[in-house]
Amino acid sequence: MMDYLPLLIVGAIIGVLSGALILAYALVKDKKESMGFERNMKDGELMKRLLVYAKPYWLSFVIVGLVMLLSVSYNILSPILISDIERIIQQKGGFRYNDVLWRVIVYASILIVSLVGTYVQAIVLQKTGQKIISKLREDAFTHIESLSHAQLSKIPVGKLVTRVTNDTNAISMMFTGMLVNLIKNIFVILGVLVAMLFINYMLTLMVMCFVPFIVLFTVIFRKFSRRAYRQVKNGTTDINTYLSEHLSGMKIIQIFNREERQMEEFESKNEKLYRAERGQIFVFGIFRPVVYMLYISSVLCLFFLGSKGALDNREILGQIVDGATIVAFYMFISRFFNPIQNLAEQFHRLQSAFASAEKIFTIMDIQPDVVDEPDAIELEQIRGEIEFKDVWFAYNEGEWVLKGVSFHVNAKDTVAFVGATGSGKTTILSLICRNYDIQKGEILLDGINIRRIKISSLRRHFGQMLQDVFLFAGTVRSNIVLRDDFDDEAVTEACKYVNADKFIDRLPNGLDEEVRERGNNFSAGQRQLLSFARTIIHRPEVVILDEATANIDTETEVLIQDSLNKMMNIGTMLIVAHRLSTIQHADNIIVLSDGEIVEQGNHHELLRQKGRYYELYTLQFNKEQLRKKQA
Ligand SMILES: Nc1ncnc2c1ncn2[C@@H]1O[C@H](COP(=O)(O)OP(=O)(O)O)[C@@H](O)[C@H]1O
Ligand SMILES: [Mg+2]
């Protein structure tokens, strides 16, 4: 009995530790394990959809599989070879140098082959993984592009960005490492187990005694580590959201002198993140030594039992324990424990990759609600005649924004929409290009219902200049031509036509001047002129303009006014103008109130009617006069 005292001590220590960890596990209540959202798709179904992307690269995966077997066999063969060398050296009566030498050469060869294999595997996997993911990313983006305005405005932009970047990355990791490692680990565990049993099953039994504890510790650790990880993630997200919002709003914060208050808020968030990070380090700090201790204990037990067996020189079923056996087992133990420890983590990662896949596929499963009808037609040329027939439209069900709007625009005419903010002017303009589908009524282009026209074909004929001009980061030129090919001459001509040339000429780099994010290094008026040039160069048959209300300096205003007058001659023009003087020459002026047309006619007719338009006009006219007098 005394003989086995050391083993009892080791057992007692491990027992006490396990007890303590289990207690901690039971005491800490945790929310039900979750991926942060409800999973609906089955793993198998997700795998099937992912495999569609992997299928073209099956050959690469076969190569990787073969190479993986090489590295599995290295893991199993190397301890055997080394113990063999040990056995030869220990031989009674000396050993032959050559015997050792060729074994060393064999060892070195499998090592090199396995290393080269690992390299090849990494390269092939990375390449394939990236290809798969770039296809997936592309599909996701194309799909997002096909969604309607209404659908897009329901999903936060940040979420879409995460889907296309982070989530695809998680899946890419699954293809590039996780799956292969998972399979490799299973092979290594099985292979090492067989090899150990073959060499000495008594010692194998001893090693196996540690396995339940490794599993137990790993499971407990995973609970704590995931908890800590979640806290760190939440803290980081919290700070990121706070930062992105407050950095964009920094000007307002400074204007209102709120810096100190902001600092306090930020500090508390920062403190929370710091605590979370510290918690995570603590969890790892406990776990690593504990598992290492298990490993060391098993090695000690091996030395203890092994040397006892070797001294007794007992033979059971033809298996003897000698120095070589101990060496082999010493090496096998770590090769056995590591993959077991990793398996749990890899299963978890696989689960989160599936979760990412589900999130992406959920987006990709959203059916675009503004789509071409099966027999939609292509329109090569249009005249530009537009008609609304009793159009009813609501952004949200039941809240009618347009209530039975009907009007007719002759080809090449200019029609202006006038009305208070929120009366539905912008809405009418966006319905014509089918940014949204209407609920009741008909919109006709050249007498054809726009639902029967291919969307791409429809939009090609329209030049839309929206209320808030969006400039992309790039250059002035890239913002005018967008992705099409236009030579410099065409660009200059367009700029000249809309009077944008004056300010562009003054820029140090002219057309190549840098445009920063959202064009915030340009004034509102300049942005408007650029959007005019962008529209004109694409030669639309119907020009749609939602004039910005932003304050524009008098000089730019004159330029805009002039280019507006020119654009009225391009083709059909639908315009929302806030300065009524702009639209005096419009062929028809439609006055809206609360989603209904209250008056229409030309400037003089409407003035004669002395209705809403007359009121608005006199109000603006008097203001102008007052301003002029003051000036
Ligand atoms: N994307 C949207 N989702 C929901 N309601 C909207 C949306 N855009 C506009 N609305 C609502 O529709 C009405 C008309 O808006 P809009 O056409 O922009 O008016 P206007 O351009 O005449 O100022 C407003 O009451 C506005 O609140
Ligand atoms: Mg508007």
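Residues numbered from 1 in each chain as written. Chains lettered and ligands numbered in written order. Predicted model: local features only at pLDDT ≥ 70, side-chain atom pairs only at ≥ 80, totals over all residues.

K.L.:
Help me understand the overall build of the protein in this model?
P.N.:
Of the regular secondary structure elements, the protein holds 19 helices and 14 strands. Over its C-alpha atoms the protein spans a radius of gyration of 37 Å, topping by over 25% the 25 Å that the globule rule assigns to 631 residues. C-alpha extents for the protein along the principal axes are approximately 125 × 55 × 50 Å. The buried share among the 631 residues of the protein stands at 27%. In the protein, once contacts between residues fewer than 6 apart in sequence are set aside, the share between residues at least 24 apart is 80%. (Helix = DSSP H or I, 4+ residues; strand = E, 2+ residues; numbered from the N terminus. Rg over C-alpha atoms; globule rule 2.2 N^0.38 Å. Buried ≥ 20, exposed ≤ 12 C-beta atoms within 10 Å, placed from the backbone. Contact = placed C-beta atoms within 7 Å.)

K.L.:
Mind showing me how you'd approach the nonpolar core here?
P.N.:
Soluble, globular proteins show a tendency: their nonpolar side chains are buried together. In this structure, Ala416, Ala500, Ala533 and Ile589 are the most contacted members of the largest nonpolar core, which totals 69 residues. The residues contacting Ile589, other than those within four sequence positions of it, are Ala416, Val418, Ile583, Gln600, Gly601, Asn602, His603, Leu606 and Tyr613. Ranked by size, the runner-up nonpolar core spans 43 residues in total, among them Val64, Phe217, Ile326 and Phe336. (Core = buried A, V, L, I, M, F, W, Y, C linked by C-beta atoms within 7 Å.)

K.L.:
Would you mind showing me how to read the sheet that holds strand E7 (residues 448-449) here?
P.N.:
The pairing of strands in a sheet comes from backbone hydrogen bonds and takes either a parallel or an antiparallel form. On the basis of which strands lie adjacent, the open sheet formed by four strands has the order E4-E3-E6-E7 and antiparallel pairing. Looking at strand neighbours, the two that pair on one side only are strand E4 (400-409) and E7, the edges of this open sheet. Pairing between strand E3 (residues 386-394) and E4: seven bridges, direction antiparallel. Looking at the pairing, Glu387 lines up with His408 of E4. (Pairing = 2+ DSSP bridges.)

K.L.:
I keep staring at unusual backbone geometry and nothing clicks. Help me out?
P.N.:
Negative phi is the rule for most residues except glycine; trans is the rule for most peptide bonds. You will see that Asn499, though not glycine, has its phi angle at about 65°, which is positive. Here Asn499 shows up in the loop between helix H14 (488-497) and helix H15 (501-506). Phi at Lys610 is positive, roughly 55°, even though this residue is not glycine. Looking at where Lys610 falls in the secondary structure, it is placed in the loop between helix H18 (603-609) and helix H19 (612-630).

K.L.:
Looking at this structure, how should I read the site of ligand 1?
P.N.:
Lining the immediate surroundings of ligand 1 are Ser153, Tyr395, Asn396, Val401, Gly419, Thr421, Gly422, Ser423, Gly424, Lys425, Thr426 and Thr427. Among the elements that make up the shell around ligand 1, the one with the highest residue count is helix H11 (residues 425-432) (three residues). Among the residues making up the shell around ligand 1, the classes are represented as two nonpolar, nine polar and one charged. (Near = placed C-beta within 6 Å. Nonpolar A, V, L, I, M, F, W, Y, C, P; charged D, E, K, R; others polar.)

K.L.:
So what exactly am I meant to see when it comes to the pairing of strand E11 (residues 542-546) here?
P.N.:
Side-chain direction in a regular strand flips from residue to residue, so the side chains alternate between the two faces of the sheet. Of all the five residues making up E11, five are buried; the element is thus mostly covered by neighbouring parts of the structure. Side-chain alternation along E11 places Val542, Ile544 and Asp546 on one buried face and Val543 and Leu545 on a second face that is also buried. Bridge analysis of strand E8 (residues 462-465) against E11 gives four bridges, and the strand direction is parallel. Its bridge partner lying in E11, Gly463 is registered against Val543. When E11 meets strand E12 (residues 572-576), the two strands line up parallel, connected through five bridges. The partner of Asp546 across the bridge, within E12, is Val576.

K.L.:
I'm lost on the sheet that holds E11 in this one. Help?
P.N.:
Here we have six strands laid out as an open sheet, ordered E8-E11-E12-E5-E13-E14, and mixed in their pairing. Unpaired on one side and paired on the other, E8 and strand E14 (596-601) mark the two borders of the sheet. Direction aside, neighbouring strands of the sheet carry axes that sit 15° apart on average. With four bridges connecting them, strand E5 (residues 414-419) and E12 associate as parallel partners. By the bridge assignment, Phe417 is partnered in E12 with Val576. Against the sheet, H11 engages E5, E11, E12 and strand E13 (588-593), with an angle of about 150° to E12. (Axes fitted to C-alpha atoms, helices over the stretch in contact; angles between N-to-C directions.)

K.L.:
Is there a simple way to think about the domain arrangement of the protein in this case?
P.N.:
Frequently, the measure chosen for interface size is the accessible area that the parts lose on association. Looking at the protein, the domain boundaries give domain 1 (10-33 + 201-320), domain 2 (40-200 + 339-366) and domain 3 (386-630). Distance from the C-alpha centre of domain 2 to the C-alpha centre of domain 3: 55 Å. (Domains from an automatic or database assignment.)

K.L.:
I would appreciate a short explanation of the packing of helix H9 (residues 259-312) against helix H10 (residues 323-364) in the present structure.
P.N.:
When two helices pack together, you describe them by how their axes are tilted relative to each other and by the distance separating the axes. Between H9 and H10, whose axes approach to 10 Å, the crossing angle comes to 155°. Judged by the angle between their axes, H9 and H10 are roughly antiparallel. The two elements H9 and H10 meet at a crossing, and its hand is right-handed. Contact with H9, carried on its side by Val291, Tyr295, Ser298, Val299, Leu302, Phe303, Gly306 and Ala310, involves Gly323, Thr325, Ile326, Phe329, Tyr330, Ile333, Ser334, Phe337 and Gln341 of H10 and no other residues of that element. (Parallel < 35°, antiparallel > 145°, perpendicular 65-115°, else oblique. Left-handed = near helix turned anticlockwise from the far one by under 90°.)

K.L.:
Which parts of the structure should I look at to understand the environment of Thr162?
P.N.:
Locating Thr162 in the fold gives a position in helix H6 (residues 157-199). Distance in space between the C-alpha atoms of Thr162 and Ser356 is 9.8 Å, their sequence separation being 194 residues.

K.L.:
Is there a simple way to explain the environment of Thr176 in this structure?
P.N.:
As for its position among the elements, Thr176 is in helix H6. C-alpha separation for the pair Thr176 and Glu385, spaced 209 residues apart in sequence, amounts to 56 Å. Not counting the four nearest positions on each side in its chain, Thr176 is found in contact with Leu125, Gln126 and Gly129.

K.L.:
Sorry if this is basic, but what is going on with the confidence of the model for the protein here?
P.N.:
Low pLDDT means the predicted coordinates in that region are not meant to be read closely. Looking at the protein, pLDDT values average 87 and 97% of them are 70 or higher. Put simply, strand E1 (residues 315-316) is where the protein has its lowest mean pLDDT, 63, and E3 is where it has its highest, 95. (pLDDT = per-residue confidence, 0-100.)

K.L.:
How should H9 be read in this particular structure?
P.N.:
For an α-helix, 3.6 residues make a turn, and residues three or four places apart therefore share a direction. In a regular helix each residue adds 1.5 Å, so 54 residues correspond to 80 Å; H9 covers 79 Å between its end C-alpha atoms and thus fits that length. The complete set of buried residues in H9 reads Ala276, Leu294, Ser298, Cys301, Gly306 and Gly309. Where the residues of H9 are buried, they touch helix H1 (5-27), helix H7 (201-248) and H10. Asn313 occupies a position one or two residues after H9 and carries a positive phi of about 55°. (Expected span 1.5 Å × (residues − 1).)

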